[in-house]
Structures are given as C-alpha cells and as structure tokens.
Number of protein chains: 2
Amino acid sequence: MTSTLALAELPQLDRRTLADTAYEALADLLAAGRLAPGDRLSLRQSAAALGVSVMPVREAVSRLVADGVLEVAPTRAIRVPIMTARDFRALAETRMAIEGMAAARTAEHRSKADLAAIRRAEAAFRAEAESAEPDRTRAVRLNRDLHFAIYAACGLAPLQEVIARLWLKAGPVINLDLRAHPERLLQGFALRRHAEALVAIEARDGPAAAAALAADIREAADFILSRGGLRDA
Amino acid sequence: MTSTLALAELPQLDRRTLADTAYEALADLLAAGRLAPGDRLSLRQSAAALGVSVMPVREAVSRLVADGVLEVAPTRAIRVPIMTARDFRALAETRMAIEGMAAARTAEHRSKADLAAIRRAEAAFRAEAESAEPDRTRAVRLNRDLHFAIYAACGLAPLQEVIARLWLKAGPVINLDLRAHPERLLQGFALRRHAEALVAIEARDGPAAAAALAADIREAADFILSRGGLRDA
DNA sequence: GCTAGTGATCTGTGATCACAGTTTGAGTGA
DNA sequence: TCACTCAAACTGTGATCACAGATCACTAGC
C-alpha cells in the first residue's frame, strides 16, 4: 500500500460537470446585469457560445428556472422575468427582513476573526468608492463581498444560502439599473449604511446592525423604483 | 373574428412538462419521508417507475440537487443528504427565525379572510389530532396546510417561497422520524403552539405569533434530536 | 394598402445512444 | 473460510436525433 498519510492530504478535486460551469456562466451574466429583464435566452445559442451541446445548458437553465431567476414563458420561451414594481418591492422587503436578521445575528455572535474580515471588506469597498475613478464592476463585487462577509458570520449556513438566492433573483434588476446610472452606488448612500453596520457589529448591537442593513437595501430599492424603470403592478 | 369575449373566458391550460410532474413526484416522496437520508436514487429506476425516459427525471433531480434536497456524492451517486445533528439544528434555527418573522407579519397585516382561512386550517388539524384514530399521513398534511395558511397571509411572496424550500429540505428528516414515532405529533405539543399562534394572529400581536411558531419548530426539532437518530456533527 | 394565410426556421421537450467510471457479486485462489 | 480478482451490470454525464409547437418574413387576396 502507498503512503495513506500523504494521500490523505491531497485536496479533494471537485469534479465539476459542464452543467455546473454553464450554471455559473449564466448566473454571472445575470448577476452582472448583462441579461436584462425580458431578454430571451436560447438553449442552442447559449450552448454554441459555451462550446458545448444543449444538454449542460438545459440543466443549468432548469436550475435557474427553479430559483426563479429565469422563467419559461407560456410560449415555452426562456427569458429573464420582468419584475413589476410590486414584485420588486416585495423582494426588497423580504431581503430587508432576512438580511437584517442575519446581520443582527452576526452582531451578537461574531468572533474577532469575523469582525476583522468584515472590517477589511468594508475598507475595500470604501477605498474603491472614494477613489478618483471608481471601477463600477469592481465596486459591485466589493459591495457584494462586504454583504456576504457579514452574512457568513451569522453562523447559520442555510440562512446564507437563502440570502444568496435572493441576491441572484434581485441581481438583474439592480445591476441593470447600476449599469445605466452608476452614480448611485458611488454617492455615499451605501457608504454611510455600511459604516453604521460596522459600528453596530463592533458594539454587538443586533438591532442597530439589522437597521443599517435594512436601510441600505431600502435606499437602493427606493432609488431604483423612483427611476420608474419597472412596470407597474 | 370569432367571439373574443367567449374566448377570453377559456381557462389558460397549464402545460406541465414531464419534468414538472417528475419533480412533484420526487418532492412528495421526500416530503413524506419515504426516501430517508442516505438512500440512493437511480435515474433509470425512477424513470422506469414513472414510465418515462431518464430525461425528465434528470431535470427534476437537478432541481432538487440545486435546492439541497438531494445531493450528488463524490462518486456521482445521487442520494438524500445525511444531515448531521449540527446541520439539523442550524436548519431548525433558520426556520424559527424566518417562519417566526412571517407569522409576525401575518399577525400585523392579516385580513378577515386570511384569519378565517387560518382558523379553518387550525380546526382541521385539531380535529384530526384529537380524533380517536388519527391518520398519520393526513395529520402531517394538515399541519403543513396550517403553517402555510399562516405564511401565505404574510403578503410577501418571496418569503413564502423561501419557507417552502426550507420545508422541503427538512422534510425527509422530520417525516422519517414521524413515521417511526407517530406519537409525537398527536400528543398535544403542536396543538398548544398552534392555538397560541391563532390567538396572537387574532389579536394582531406580531411578537407573540413569532414566539408561538418558533416554539412549535423548536419543540419538534428538540424531540427529534433527543431521539438521537442523527449523526453527530 | 392592409389583412389573412403559408411555409421555412426557430423554440423547448423528450427519447435514445455512447461513454467512462463505479459498484457488485460470483468465482478462484490460498 | 477468507481475501482477492475480474467481468458484467449499473451509475450519471453528455451528445445527438426527432418532434410538436411558436415565430417571423413573405405573399396572395381583397
């Protein structure tokens, strides 16, 4: 027998299927706002673009449909759901409630290491937002990183997964808007709320952390709704 | 042109794909506890049992895997995830937080019609639980109906979907236990909490409704954990 | 000039086949 | 009686084909 000890240290290489890869590619497209609400998606075209057969794309799309990130129209066409203003408001309210709760738990349970990670993420976002020529794409990613640094510290894995799904669903609307109006993210709205959240988490003040996160989400949602890009309920 | 008025009244016939049907069939199996944690699932056997090719089953399974209700083992075998006691506790805590919140919203926003529906659901469950020879399967379904009557009235569709997913994930563990020990559901634990929730919703007392739901979930989880059927973390 | 119809081309859905990797169990050896 | 071997049967994954229905550009008829 060969050295079991040495072999045990080999990292378990994850066998990614083509479907997994396709899923990530599509999810990225959606999260980045490259696929706008109402856009149609063709299995064959996507497959050709990814250089695979339709099978893996089919599986990826069926997962995204299950998540509500894509939908099959009554005509069987696959498209990005067109959210009404009412839908978007309900999604934002759900996020405020759930993400606020996660932030509160983090504030109460956080370790020093958690706090340090959150501090780093906050600083990274701040640096990008306050730089002379902020990179939009980068800022979006850093904003996401900060939020999930907070949620990751809440200690409840299922809660984190739930939030990730909600973000995926809100992604197209939020980031499409951001592409059109990059000024929002970089004008201090978010910065203030992030700072408040950080202070609350430092002070182990759950309710304050929840309030800061909820305000962050509400302000972004209100901004998008005020722009009137969404269809009425 | 033919009579547009008459045509408008035709019910939009929903085109269910075989994959949809397969998904429901498998989800039912899981929710009913017929598929226990650790059990393997073969695509071809399932397809044969459903009388279709593997394609629709594949799609259904890929959705369930995305939901975390099934998993693909490193050997590529599909099976029901074996939840550790730690996992189960985290899931229960997440449910307590989210479902409690939904119940609180319902208490605050409910209409008279909502309240009537919840009352009916509570009475139906009570009748079954207090009957001389309660039907286990029926009781499980009525319990679920009651919970979702409460969540449906919270006014937030995305929140409801989140909860449905959490139930699907917890289903195998909970209902497997219930199959083995039917006495739990029928010994008044749940009945008391349901009554408390109903009173709180009637009184528009959000916090009390949240507490009642959380207690209901916690007690069921504690009972299962105390039985020691789950693997240690 | 405008509408109804028509056919080519696209769509997603489902079945079937091919393949590489895994599991299993019977057979063989000590 | 036990451990090992090896082949047959199974596993999920991916590609390909078949099909019914939806689109869309275009033309015939009014």
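Quantities reported herein were computed from a predicted structural model and do not represent experimental measurements. (Residues numbered from 1 in each chain as written. Chains lettered and ligands numbered in written order. Predicted model: local features only at pLDDT ≥ 70, side-chain atom pairs only at ≥ 80, totals over all residues. Heavy atoms only, no water.)

Asks: Which residues make up the overall build of chain A, and what values do they have?
Replies: When helices and strands are tallied, chain A shows 10 helices and three strands. The linear arrangement of helices and strands in chain A, starting from the amino end, is α-α-β-α-α-β-β-α-α-α-α-α-α. The dimensions of chain A, computed from C-alpha atoms along their principal axes, are 65 × 55 × 35 Å. Buried residues in chain A amount to 47% of all 233 residues. For chain A, contacts bridging at least 24 residues in sequence account for 75% of all contacts bridging at least 6. As displayed, chain A has an accessible area near 11900 Å², and 54% of this comes from carbon and sulfur atoms. Positive and negative side-chain charges in chain A, numbering 32 and 30 respectively, have mean positions lying 4 Å apart. (Helix = DSSP H or I, 4+ residues; strand = E, 2+ residues; numbered from the N terminus. Buried < 20%, exposed > 50% of the residue type's maximum accessible area, 1.4 Å probe, protein only. Contact = heavy atoms within 4.5 Å. Areas by Shrake-Rupley, 256 points an atom, 1.4 Å probe, with all protein chains shown as cover. Lys, Arg positive; Asp, Glu negative; His and termini not counted. Charge placed at Lys NZ, Arg CZ, Asp CG, Glu CD.)

Asks: Tell me what's going on with the protein's contact with DNA strand C, and back it up with residues and numbers.
Replies: As a matter of local geometry, DNA strand C sits amid 18 residues, with A:Ser42, A:Arg44, A:Arg76, B:Leu18 and B:Ser53 nearest to it. Sugar plus phosphate: this is where 57% of the atoms of DNA strand C within 4 Å of the protein reside. Within the backbone of A:Leu43, one N or O atom sits 3.1 Å away from a phosphate oxygen of DNA strand C. Separating a phosphate oxygen of DNA strand C from a side-chain N or O atom of A:Gln45 is a distance of 3.2 Å. Going through the elements one at a time, α3 (43-50) of chain A together with α2 (18-31) and α4 (54-66) of chain B are the ones with two or more residues in the surface near DNA strand C. Taken together, the residues of the surface near DNA strand C sort by class into eight nonpolar, five polar and five charged. (Near = heavy atom within 4 Å. Polar contact = N/O pair within 3.5 Å; in protein donor to acceptor, adjacent residues only side chain to side chain. Nonpolar A, V, L, I, M, F, W, Y, C, P; charged D, E, K, R; others polar.)

Asks: Quick one: what's the story with the relation of the copies chain A and chain B, residue by residue and with numbers?
Replies: The two copies are related by a screw operation: chain A maps onto chain B through 180° of rotation and 0.0 Å of translation along the axis, at an RMSD of 0.1 Å. Seen this way, the second copy is the image of the first under a two-fold rotation axis. Judged by C-alpha distance, A:Arg63 is the residue of chain A that lies nearest the rotation axis, at 2.6 Å. Both copies contact each other with a shared surface, as 100% of the interface residues of chain A are interface residues in chain B too. (Least-squares fit on C-alpha atoms with pLDDT ≥ 70 in both.)

Asks: Could you give me a rundown of the interface of chain A and chain B, with the residues and numbers involved?
Replies: Between chain A and chain B, the contact holds 28 residues from the first and 28 residues from the second. Interface area for chain A against chain B, summed over the two sides, is near 2500 Å², with a carbon-plus-sulfur share of 58%. A:Asp67 is the salt-bridge partner of B:Arg165, the closest N and O atoms lying 3.5 Å from each other. Here chain A is connected to chain B by eight residue pairs in polar contact (both at pLDDT 80 or more). Elements that contribute at least two residues to the side of chain A that touches chain B include exactly α4 (54-67), α5 (85-109) and α8 (157-180) of chain A. For the side of chain A that touches chain B, the element with the highest residue contribution is α5(A), accounting for eight residues. Among the residues making up the side of chain A that touches chain B, the classes are represented as 13 nonpolar, four polar and 11 charged. (Buried area = accessible area lost by both parts, 1.4 Å probe. Salt bridge = Lys/Arg side-chain N within 4 Å of Asp/Glu carboxyl O.)

Asks: Could you give an account of the protein's contact with DNA strand D, naming the residues involved and the relevant values?
Replies: Residues in contact with DNA strand D amount to 18 residues; listed here are only the nearest, A:Leu18, A:Ser53, B:Ser42, B:Arg44 and B:Arg76. Of everything in DNA strand D that lies within 4 Å of the protein, sugar and phosphate atoms constitute 60%. In the model, a phosphate oxygen of DNA strand D is placed 2.3 Å from a nitrogen or oxygen of the A:Ser53 side chain. Between DNA strand D and the protein, one listed contact pairs a phosphate oxygen with a backbone N or O atom of B:Leu41 at 2.9 Å. Listing elements by their share of the surface near DNA strand D, those giving two or more residues are α2 (18-31) and α4 of chain A together with α3 (43-50) of chain B. Class assignment for the residues of the surface near DNA strand D results in eight nonpolar, five polar and five charged.

Asks: Can you tell me about the packing of aromatic side chains, naming the residues and giving the values?
Replies: Residue and element names in this part refer to chain B. Under the defined criterion, the tally for this structure stands at four aromatic pairs over all chains. With a centroid separation of 5.3 Å and 70° between ring planes, the pair formed by Phe148 and Trp167 is classed as edge-to-face. Of this pair, Phe148 sits in helix α7 (residues 136-152) while Trp167 sits in helix α8 (residues 157-180), placing them 19 residues apart in sequence. Considered together, Phe148 and Trp167 belong to a single accessibility category, that of buried residues. Cation over ring: Arg144 sits above Phe148, and NZ or CZ is 4.4 Å from the ring centre. (Phe/Tyr/Trp six-rings, centres within 6.5 Å; stacked < 30°, edge-to-face > 60°. Lys NZ or Arg CZ within 6 Å of the ring centre and 35° of its normal.)

Asks: Requested: an account of the nonpolar core, with residues and values cited.
Replies: Nonpolar side chains in soluble globular proteins tend to be buried together. Within the largest apolar cluster, 81 residues are counted, with the highest numbers of intra-cluster contacts made by A:Phe88, A:Ile98, A:Leu159, B:Phe88, B:Ile98 and B:Leu159. When residues in this core are grouped by element, the largest group, 11 residues, is from α5(A). If sequence neighbours within four positions are ignored, B:Leu159 has contacts with A:Thr94, A:Ile98, B:Ile98, B:Met101, B:Ala102, B:Arg105 and B:Cys154. (Core = buried A, V, L, I, M, F, W, Y, C linked by side-chain atoms within 4.5 Å.)

Asks: Before we move on, can you summarise unusual backbone geometry with the specific residues and values?
Replies: Its identity is not glycine, yet A:Arg76 carries a phi of approximately 75°, on the positive side. Within the fold, A:Arg76 resides in the loop between β2 (71-72) and β3 (78-79). Notably, B:Arg204 is not glycine yet its phi reads approximately 55°, a positive angle. Position of B:Arg204 among the secondary structure elements: in the loop between α9 (189-202) and α10 (206-227). In this structure B:Arg204 comes out as partly exposed when scored by relative accessible area, which is 44%.

Asks: Give me the environment of A:Ala116: which residues, what numbers.
Replies: Residues and elements named next belong to chain A. In this structure, Ala116 sits in helix α6 (residues 112-130). The partly exposed category is assigned to Ala116, whose relative accessible area is 30%. Distance from Ala116 to Ala220, taken between C-alpha atoms, is 26 Å for residues 104 residues apart in sequence.

Asks: Describe the confidence of the model for chain A, and please don't skip the residues or the numbers.
Replies: Residues and elements named next belong to chain A. The predicted model of chain A has a mean per-residue pLDDT of 87, with 91% of residues at 70 or higher. Ranking the elements of chain A by mean pLDDT puts helix α1 (residues 4-8) last, at 46, and α5 first, at 95. Every residue in residues 1-10 scores below 50 in pLDDT, and together they form one contact with partners more than four places removed in sequence or on other chains. (pLDDT = per-residue confidence, 0-100.)

Asks: Explain the domain arrangement of chain A to me, and be specific about the residues and the numbers.
Replies: Residues and elements named next belong to chain A. Segmentation of chain A into domains returns domain 1 (18-79) and domain 2 (85-227). A separation of 26 Å is found between the C-alpha centroids of domain 1 and domain 2. Taken over both partners, the interface formed by domain 1 and domain 2 buries close to 900 Å², and the fraction arising from carbon and sulfur atoms is 64%. For the pair domain 1 and domain 2, the interface holds one salt bridge. Taken together, the links from domain 1 to domain 2 amount to two residue pairs in polar contact (both at pLDDT 80 or more). For the side of domain 1 that touches domain 2, the secondary-structure elements that each account for two or more residues are α2 and α4. (Domains from an automatic or database assignment.)

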